[in-house]
Amino acid sequence: MFRTLIQAFTSPAAGAIGFGLSLVMCAMLVVTVVAAQRNETAMQARIAALTAENQRNVIALHARLAACEGGPADLARTRATNANLSVDQRAQRLTGEPAGFDVCARMESADRAVLETLR
(Lines give C-alpha, C1' and ligand atoms only; values in the text may rest on other atoms or scores of the structure.)
Protein backbone atom coordinates (compact mmCIF):
# COMPACT_ATOMS: atom_id res chain seq x y z
CA MET A 1 0.00 0.00 0.00
CA PHE A 2 2.80 2.39 0.89
CA ARG A 3 4.52 1.54 -2.37
CA THR A 4 1.33 2.40 -4.36
CA LEU A 5 1.12 5.77 -2.63
CA ILE A 6 4.78 6.52 -3.45
CA GLN A 7 4.23 5.58 -7.09
CA ALA A 8 1.15 7.82 -7.30
CA PHE A 9 3.11 10.84 -6.03
CA THR A 10 6.17 10.19 -8.18
CA SER A 11 4.36 9.44 -11.44
CA PRO A 12 4.72 11.96 -14.30
CA ALA A 13 0.98 12.71 -14.25
CA ALA A 14 1.03 13.70 -10.54
CA GLY A 15 2.65 17.06 -11.23
CA ALA A 16 0.14 18.03 -13.91
CA ILE A 17 -2.80 16.91 -11.80
CA GLY A 18 -1.50 18.77 -8.75
CA PHE A 19 -0.92 21.92 -10.79
CA GLY A 20 -4.44 21.71 -12.22
CA LEU A 21 -5.95 21.26 -8.76
CA SER A 22 -4.00 24.23 -7.43
CA LEU A 23 -5.32 26.42 -10.29
CA VAL A 24 -8.90 25.31 -9.59
CA MET A 25 -8.54 26.03 -5.86
CA CYS A 26 -7.00 29.44 -6.63
CA ALA A 27 -9.94 30.30 -8.88
CA MET A 28 -12.39 29.21 -6.18
CA LEU A 29 -10.59 31.43 -3.67
CA VAL A 30 -10.77 34.44 -5.99
CA VAL A 31 -14.52 33.88 -6.57
CA THR A 32 -15.09 33.62 -2.81
CA VAL A 33 -13.17 36.83 -2.09
CA VAL A 34 -15.07 38.77 -4.78
CA ALA A 35 -18.42 37.52 -3.49
CA ALA A 36 -17.47 38.44 0.08
CA GLN A 37 -16.45 41.94 -0.97
CA ARG A 38 -19.74 42.47 -2.81
CA ASN A 39 -21.65 41.22 0.20
CA GLU A 40 -19.70 43.52 2.52
CA THR A 41 -20.32 46.54 0.28
CA ALA A 42 -24.05 45.79 0.12
CA MET A 43 -24.25 45.39 3.89
CA GLN A 44 -22.35 48.62 4.53
CA ALA A 45 -24.73 50.47 2.20
CA ARG A 46 -27.72 48.97 4.03
CA ILE A 47 -26.25 49.94 7.41
CA ALA A 48 -25.71 53.51 6.19
CA ALA A 49 -29.30 53.69 4.92
CA LEU A 50 -30.70 52.33 8.19
CA THR A 51 -28.56 54.73 10.21
CA ALA A 52 -29.80 57.70 8.18
CA GLU A 53 -33.41 56.53 8.53
CA ASN A 54 -32.93 56.09 12.27
CA GLN A 55 -31.50 59.60 12.57
CA ARG A 56 -34.51 61.05 10.71
CA ASN A 57 -36.88 59.15 13.00
CA VAL A 58 -35.07 60.39 16.10
CA ILE A 59 -35.27 63.99 14.90
CA ALA A 60 -38.98 63.64 14.12
CA LEU A 61 -39.73 62.06 17.49
CA HIS A 62 -37.82 64.75 19.37
CA ALA A 63 -39.71 67.40 17.40
CA ARG A 64 -43.01 65.78 18.33
CA LEU A 65 -42.01 65.64 21.97
CA ALA A 66 -40.95 69.28 21.94
CA ALA A 67 -44.25 70.28 20.28
CA CYS A 68 -46.21 68.41 22.93
CA GLU A 69 -44.35 70.06 25.79
CA GLY A 70 -45.93 73.42 25.26
CA GLY A 71 -46.06 76.58 23.26
CA PRO A 72 -44.00 79.77 23.50
CA ALA A 73 -45.80 81.00 26.63
CA ASP A 74 -44.40 78.35 28.92
CA LEU A 75 -41.35 77.39 26.85
CA ALA A 76 -38.75 78.79 29.29
CA ARG A 77 -40.38 77.09 32.27
CA THR A 78 -40.71 73.81 30.36
CA ARG A 79 -37.07 73.85 29.27
CA ALA A 80 -35.89 74.55 32.81
CA THR A 81 -38.09 71.78 34.21
CA ASN A 82 -37.20 69.25 31.53
CA ALA A 83 -33.45 69.93 31.51
CA ASN A 84 -32.76 67.15 34.00
CA LEU A 85 -35.36 64.65 32.75
CA SER A 86 -34.80 61.83 30.28
CA VAL A 87 -36.88 61.55 27.12
CA ASP A 88 -39.00 58.81 28.68
CA GLN A 89 -39.59 60.90 31.79
CA ARG A 90 -40.57 63.90 29.65
CA ALA A 91 -43.05 61.77 27.69
CA GLN A 92 -44.45 60.32 30.92
CA ARG A 93 -44.85 63.84 32.31
CA LEU A 94 -46.83 64.86 29.24
CA THR A 95 -49.28 61.99 29.65
CA GLY A 96 -49.80 62.81 33.32
CA GLU A 97 -50.33 66.59 33.15
CA PRO A 98 -52.72 68.34 32.92
CA ALA A 99 -55.39 66.00 34.16
CA GLY A 100 -57.60 64.71 31.40
CA PHE A 101 -55.77 66.16 28.40
CA ASP A 102 -56.20 64.47 25.05
CA VAL A 103 -52.96 62.78 23.95
CA CYS A 104 -54.20 62.30 20.41
CA ALA A 105 -54.94 66.01 19.95
CA ARG A 106 -51.46 66.92 21.16
CA MET A 107 -49.83 64.37 18.87
CA GLU A 108 -51.85 65.57 15.87
CA SER A 109 -50.70 69.09 16.64
CA ALA A 110 -47.12 67.85 16.83
CA ASP A 111 -47.51 65.99 13.55
CA ARG A 112 -48.70 69.17 11.86
CA ALA A 113 -45.79 71.09 13.32
CA VAL A 114 -43.30 68.51 12.10
CA LEU A 115 -44.85 68.39 8.64
CA GLU A 116 -44.72 72.17 8.40
CA THR A 117 -41.01 72.17 9.18
CA LEU A 118 -40.35 69.53 6.52
CA ARG A 119 -41.97 71.56 3.70
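Residues numbered from 1 in each chain as written. Predicted model: local features only at pLDDT ≥ 70, side-chain atom pairs only at ≥ 80, totals over all residues. Heavy atoms only, no water.

### Describing the overall build of the chain
Line of reasoning, step 1. Scanning the chain from N- to C-terminus turns up five helices and zero strands.
Line of reasoning, step 2. Helices and strands appear in the chain in the N-to-C order α-α-α-α-α.
Line of reasoning, step 3. Counting across all 119 residues of the chain, residues that qualify as buried make up 8%.
Line of reasoning, step 4. Of all intrachain contacts in the chain linking residues separated by at least 6 positions in sequence, the fraction that spans at least 24 positions is 55%.
Line of reasoning, step 5. Summed over all atoms, the accessible surface of the chain reaches about 9700 Å², with 65% contributed by carbon and sulfur. (Helix = DSSP H or I, 4+ residues; strand = E, 2+ residues; numbered from the N terminus. Buried < 20%, exposed > 50% of the residue type's maximum accessible area, 1.4 Å probe, protein only. Contact = heavy atoms within 4.5 Å. Areas by Shrake-Rupley, 256 points an atom, 1.4 Å probe, with all protein chains shown as cover.)

### Concerning the confidence of the model for the chain
Line of reasoning, step 1. Here the chain shows a mean pLDDT of 79. Residues at 70 or above account for 72%.
Line of reasoning, step 2. Put simply, helix H3 (residues 75-82) is where the chain has its lowest mean pLDDT, 59, and helix H2 (residues 12-68) is where it has its highest, 91. (pLDDT = per-residue confidence, 0-100.)

### Focus on a nonpolar patch on the surface
Line of reasoning, step 1. A surface patch of nonpolar side chains, amounting to about 470 Å² of accessible area, comprises Phe2, Leu5, Ile6 and Phe9.
Line of reasoning, step 2. What makes Ile6 partly exposed here is its relative accessible area of 40%. (Patch = residues over 30% accessible without salt bridge, like charges linked within 9 Å, V, L, I, M, F, W, Y side chains within 5 Å. Salt bridge = Lys/Arg side-chain N within 4 Å of Asp/Glu carboxyl O.)

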